[in-house]
Amino acid sequence: MTFEATADPSTTRGTAAGDGSATAAGAASEPDEAARRVYLAILADGGRVRFADVPESDREPVRQLVSIGLLMTNPMDACYTAVSPRSVSDRLGAELRSEATRLLVRAENLPGALDSLTRAYDAMPRPPERSGGAVYVEGHIHIRHRISQLVSDCRTEVLTAQPGHRPPDALKIAIQQDVKLLQRGCSLRTLYQPVAISEPAALAYAEEVTRRGSLIRILDEPFQRLMIFDRSVAVISASDDHSTAAFISDPAAIAFIVNAFERDWSRADATDWSAVLSQGPAHNAPDRVGRLLARGLTQRAVATRLGLSERTVAAHISRLRDRYGAQTLFQLGWLMRGGRDDG
C-alpha cells in the first residue's frame, strides 16, 4: 500500500499554516533510527520523494520527519523535500531556548505567586518553641504531624538514628517525605541496627533513598531513636512506647546530641544496599548473629545488640548449629572463629 497522489492529511497535519507550526510539537524530539534511515535514503535519491513512492512501512518515519521539520511537504508537486538539519537545529534550538527562558521566568515568579500561601503556612499554630527547654508532644499522630512540618521546613540536613524494627506503614510515609527532601537538595544520614537488613520494607526503603543520595550505616550497638533537623531542632523519644516525643531547640543540647550522633556514625559500618537487596533480607541476619557469638557474646547480648527478640536469635543459632554441626554455643563460637583449623 502506498500514499495517494495528494498529501496524506495525517502526515501533513499542521503544515498548512507554515513550517513553524508543523514542528512545534516535535521541538523537543529527535528522529529515531527508522526516521534517520528514511531521511538518509531520501537524501541518496536527491532529497526529494513523491508521496506515491513512500511505502507503507515508512509512513510513520515520514510523519516523524515532517513533524520535526526535516521533511517539507509540497502538495503542488505531490512530494516531500528534505530540509537542511542545520536550519532545523537552529530553529529548534531557538524554540528550546525560548521555552527555557519562559520556565526560568516562571521559576522566578513562583515564590511571589505562592506568597500568600507561604505566609499562611508560617502563621499556622505550632507548639511554642522555648529556648533552653524542650517541647513535649504526645500521641503518635501529633508527633508525625510535627515531624512532617520539620521535614517540610528543612533546608540543609537531617540526621536520624532508627534502632530496631520500623513498621512498613511508617516506612511508606518516610519514603515519601525523604525522597522529596533529597530532591530539594538536602542531605540525609541514617543509622540503623542490623535488624534493618532482615526487614524487606526497610531494605526497599534503604535502596530507594540511597539511590537518591542518602547515606545509611549499620551500628551493632544499642542506641536511641533520634532525629536532628538543620542542627537546630532535635527530636527524641520521651516514653518507652514512643507515644511522647521531646522537641529540643537549645543550642548547647543540640551540639551535644549532634556530637553523639557523629561519634556513633564514625563507628558504624557502611552497607551496599543494592547488593544486600539482591541477596535477600534473610541472608545477613544469621551471619551477624554468628559473628557476635564468635566474639563471645551471649544469646541475650546478641539479641540486645542486633535489636532482635531472643526467640529470633535462638532460631538463627539453631540454623547455625546445623550448618556447623555444633552442640553448644561455646562450640559454635569456636568453630565460627576457625577452631577447626587452629589445631
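Please refer to the structure placed before this passage.
What you see is a predicted model, and the numbers here were worked out from it, not measured in a lab. (Residues numbered from 1 in each chain as written. Predicted model: local features only at pLDDT ≥ 70, side-chain atom pairs only at ≥ 80, totals over all residues. Heavy atoms only, no water.)

K.L.:
Describe the pattern of salt bridges, naming the residues involved and giving the relevant values.
P.N.:
Inspection of every chain in the model, using the stated rule, returns 15 salt bridges. Note that Glu56 and Arg59 form a salt bridge whose closest N and O atoms lie 3.3 Å from each other. For Arg102, the salt bridge goes to Glu99, with nearest N and O atoms at 2.4 Å. Pair noted here: Arg102 and Glu99 are both in helix H5 (residues 85-113), with a separation of three residues, about one helical turn. Given a relative accessible area of 40%, Arg102 falls into the partly exposed group. By relative accessible area, Glu99 is classed as partly exposed at 32%. (Salt bridge = Lys/Arg side-chain N within 4 Å of Asp/Glu carboxyl O. Helix = DSSP H or I, 4+ residues; strand = E, 2+ residues; numbered from the N terminus. Buried < 20%, exposed > 50% of the residue type's maximum accessible area, 1.4 Å probe, protein only.)

K.L.:
Which residues make up the sheet that holds strand E3 (residues 79-82), and what are the values?
P.N.:
An order of E1-E3-E2 is seen for the three strands of this open sheet, with the pairing classed as antiparallel. Edge positions in the sheet fall to strand E1 (48-50) and strand E2 (71-74), since each has one partner strand and no second. For this sheet, the mean angle separating the axes of adjacent strands, direction not counted, is 25°. Contacts from helix H4 (residues 59-68) reach E2 and E3 within the one sheet, and its direction differs from that of E2 by about 100°. (Pairing = 2+ DSSP bridges. Axes fitted to C-alpha atoms, helices over the stretch in contact; angles between N-to-C directions. Contact = heavy atoms within 4.5 Å.)

K.L.:
Account for the environment of Arg311, with residues named and values stated.
P.N.:
With respect to the helices, strands and loops of the structure, Arg311 is situated in helix H14 (residues 310-324). As a C-alpha pair, Arg311 and Gln299 span twelve residues in sequence and 9.6 Å in three-dimensional space.

K.L.:
Lay out the nonpolar core in plain terms, naming residues and giving numbers.
P.N.:
Counting residues in hydrophobic clusters, the biggest one holds 27 residues, and the most contacted among them are Ile147, Leu181, Tyr205, Phe229, Val235 and Phe247. One finds Val38, Phe51, Leu71 and Val83 within the second-largest nonpolar core, a separate group that totals 18 residues. (Core = buried A, V, L, I, M, F, W, Y, C linked by side-chain atoms within 4.5 Å.)

K.L.:
Describe the pairing of strand E5 (residues 157-162), with residues and values.
P.N.:
A large share of E5 lies buried, amounting to six of its six residues. Taking every second residue as pointing to the same face, both faces of E5 are buried, with Glu157, Leu159 and Ala161 on one and Val158, Thr160 and Gln162 on the other. Pairing of E5 with strand E6 (residues 187-192) involves six bridges; the strand directions are parallel. Residue Leu159 lies in a different strand from E6, and its bridge partner there is Arg189. In this view, the connection linking E5 to its parallel neighbour E6 by way of helix H8 (residues 168-183) has right-handed handedness. (Right-handed = clockwise from strand over helix to strand, strands pointing away.)

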